[in-house]
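Residues per chain, in single letters:
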Amino acid sequence: MLAKRIQPMFFQARRLYVELMFQVMGRALQAVSEIDETVQQEANALPEGFLFEMMVMPDGARLIVEHTGNGRFRYLGDSAPRAVDLSIQFKHIAHAFLVLSFQEKTSVAFANDRMLVDGDISRAIRMTRILNRLEAFILPKLIAKRAVKEYPENIHLPEKLLNAARIYLKVATNFVETVKA
Amino acid sequence: MTDKFYEFFCPVKVIAGKAALEHIPYELSGLAAKRPMIITDKGVRAAGLLDPVVSACEESGLDIVSIYDDVPPDSSKAVVRDIAGIYRSEKCDSIIAVGGGSAIDTAKAVNILVSEGGDDIAKYSGAGVLKHPLKPFFVVPTTAGTGSEVTAVAVIADTEKHVKLPFTSSFLLPNAAIIDPRMTLTLPPHITAATAMDALTHATEAFTCMAKNPLSDAYATAAIKKITGNLLKVMDSPKDADGRLELAQASTMAGIAFSNSMVGLVHALGHATGAICHLPHGLCMSLYLPYVLEYNLETIREPLGELLLYLDGADVYAATPASRRAEAAISAIRRMRDALYKRCELPRTLKETGKVLESQLDDIARAALDDGAIMFNPKEVSLDDAKAVLARAWA
Ligand SMILES: [Fe+2]
């Protein structure tokens, strides 16, 4: 509680940002899975009804998507209809913020022990690959290069589908610059 | 501000050198353990390696209450449950694992069951499930390679569901690792070579993959120096106890390095090949190491170049221009493989193993992409990349 009194605006803003980004990513995951073959192929190896969660420990913001079959994801918001099959958990909201503001690559965050995997590790790797692809899609190339290990060559997609996400991201990038300053 | 971050953890007491086994009774009594159970395999017993362990304990008036010597190479849920049953009925209070990766992993899993209760080890699968320290646990490695005595992981097969259950918790780490040169003195040449190459791979990947950090770097480089300085010596004179001890220590040091910084594509491919073609792990490591380093080369040029100092010595390092050191490091590893091939025909390509079909390469590539180790490879690996590395490693 002490920290909250010192920098209340910053902490509240960071929490809101993480919540917002989870929503952006959830919707974007669903959108990308409807149009991108690479994502569909990756996702198709997951069982139908597979529930994936990303959350902030101990009980913070979360994002839940379901694999509804044929490589398609459905965004379920922040509540799961049953126990999730795979959960990627950030140890602290500060770590979630680093990753979701694209200051730290997902794979680096794993390497740095920022998050834990609860569930099958090979599925976690599959989801990381899908998230990398997603980031490459929705981010301006310059930021995407910071967020993923390698920027894929074969990205072509209808611009308008992801415009909404990009608008959120514009807000997001401004936000990052403000809090970093 | 730096964006570097790392964690490093190794609470395992290392007891190494001449007459190290004789420290076991004292260490057990320090944890109030009086009724130890030994978990091992038939090979260890047949090689006579249990005798010095048992007599070291008995001479100090400490009776080994039970010996389970039937751990299979790929341990399963059922084996773990059976051993836990014996532990309970014999009222044991501590575990000594004597063996290689499988015996040690099995003992770690047994320790979970006898400490936490229940019969179904699958319940404890995953990361961070365990919240309490387990029973006193000691490891006596009999191969110089896996480093399992200092890793916080165990893998047990669920034979009904055909999946491998991973267990990760720092509570799996033993209280002590006892490294006695007597334990590896009789290791046959091809196992000596393959397990040492496993250790060399642990150190090399630890030093070049994504989670490298200053502390694991120190362990990795020291381990490499010990391996390159002693492996061929031991291959030529297997009874060289000093050389054996150096290799065993190198294996533990490489284990400390990689358990704190993870491994990469060599292990991902190796795990996949082991599962599909049933090749020994160390052999796969030796086989893939140079090809993966070549694949990663441009991402790891700097750290790999630094390793030349430990792989080939100060003179070669000084005489090699900085821009050529990474390539020279790979050449040094290739020369090591050629020297091992000459001494014990340790295969250098998939074809040389005689156990892999070219038609299996695609399956291996696909399985490697699902392996946990791939996450920490410094370069992103696509299916086509994995296939290309396998094609180069074919012949
Ligand atoms: Fe290994």
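Quick caveat, the model's predicted, so the values are computed rather than measured.

(A) Spatial organisation of the pattern of salt bridges. Here the structure, examined in full by the defined rule, presents 34 salt bridges over all chains. Here Lys91 of chain A ties to Glu7 of chain B by a salt bridge, and the two come within 3.6 Å at their closest N and O atoms. With one member in each of two chains, Lys91 of chain A in the loop between strand E4 (86-90) and helix H4 (93-100) and Glu7 of chain B in the segment before strand E1 (13-16) form a pair that bridges those chains. Residue Glu7 of chain B is classed as partly exposed on the basis of its relative accessible area, which comes to 34%. Close ionic contact of Glu104 of chain A with Arg114 of chain A constitutes a salt bridge, the shortest N to O distance being 2.9 Å. Here the residue Glu104 of chain A occupies a position in the loop between H4 and helix H5 (106-111), and Arg114 of chain A occupies one in the loop between H5 and strand E5 (115-118), the gap between them amounting to 10 residues. A relative accessible area of 7% means that Glu104 of chain A is categorised as buried.

(B) The arrangement of the interface of chain B and chain A in detail. Listed by partner, the interface residues are 16 residues for chain B and 18 residues for chain A. For the pair chain B and chain A, the two sides together bury roughly 1700 Å², of which 54% comes from carbon and sulfur. When the area that chain B buries against chain A is broken down by residue, the three leading residues are Asp370, Met375 and Glu380 of chain B, summing to 38%. At the surface where chain B touches chain A, the tally comes to three salt bridges. Of the charged contacts in the structure, one is a salt bridge between Arg129 of chain A and Asp370 of chain B, with a shortest N-O distance of 3.8 Å. Applying the counting criterion to the chain B and chain A interface returns two residue pairs in polar contact (both at pLDDT 80 or more). In terms of residue class, the side of chain B that touches chain A is built from nine nonpolar, two polar and five charged.

(C) Spatial organisation of the sheet that holds strand E2 (residues 62-69) of chain A. Residues and elements named next belong to chain A. Taken together, the five strands give an open sheet; going across it, the order is E3-E2-E1-E4-E5, and neighbouring strands pair in mixed fashion. Strand pairing shows two members of the sheet lacking a second neighbour, strand E3 (72-75) and E5, which therefore form its edges. If you compare each strand with its neighbour and ignore which way they point, the axes differ by 20 degrees on average. Sheet topology note: the E2/E3 ladder contains four bridges and is antiparallel. Across the sheet, the residue bridging to Val65 is Tyr75, located in E3.

(D) Region of the structure containing the coordination of the iron ion. Residue and element names in this part refer to chain B. Those protein atoms acting as donors to the iron ion are Asp198 (OD), His202 (NE2), His267 (NE2) and His281 (NE2), and they sit at 2.1 to 2.2 Å. Here the iron ion binds four donor atoms, and the angle range of 84 to 166 degrees at the metal identifies the geometry as irregular. Mapped onto the sequence, the donors of the iron ion take the spacing D-x3-H-x64-H-x13-H. Placement of the pair is Asp198 in helix H6 (residues 189-208) and His267 in helix H9 (residues 265-277), with a sequence separation of 69 residues. Looking at Asp198, the relative accessible area reads 4%, which means it is buried. Looking at His267, the relative accessible area reads 3%, which means it is buried.

(E) Structural context of the domain arrangement of chain B. Residue and element names in this part refer to chain B. Split into domains, chain B comes out as domain 1 (13-182) and domain 2 (187-394). The C-alpha centroid of domain 2 is placed 27 Å from the C-alpha centroid of domain 1. In this assembly, 14 residues from domain 1 lie in contact with 17 residues from domain 2. Counting the surface lost from both domain 1 and domain 2, the interface buries some 1200 Å², and carbon and sulfur atoms represent 70% of this.

The rules behind the values
- Residues numbered from 1 in each chain as written.
- Chains lettered and ligands numbered in written order.
- Predicted model: local features only at pLDDT ≥ 70, side-chain atom pairs only at ≥ 80, totals over all residues.
- Heavy atoms only, no water.
- Salt bridge = Lys/Arg side-chain N within 4 Å of Asp/Glu carboxyl O.
- Helix = DSSP H or I, 4+ residues; strand = E, 2+ residues; numbered from the N terminus.
- Buried < 20%, exposed > 50% of the residue type's maximum accessible area, 1.4 Å probe, protein only.
- Contact = heavy atoms within 4.5 Å.
- Buried area = accessible area lost by both parts, 1.4 Å probe.
- Polar contact = N/O pair within 3.5 Å; in protein donor to acceptor, adjacent residues only side chain to side chain.
- Nonpolar A, V, L, I, M, F, W, Y, C, P; charged D, E, K, R; others polar.
- Pairing = 2+ DSSP bridges.
- Axes fitted to C-alpha atoms, helices over the stretch in contact; angles between N-to-C directions.
- Donors = N, O, S within 2.8 Å, 3.2 Å for Na, K, Ca; no water.
- Tetrahedral: all angles 85-135°; square planar, octahedral: opposite > 155°, others 65-115°.
- Domains from an automatic or database assignment.

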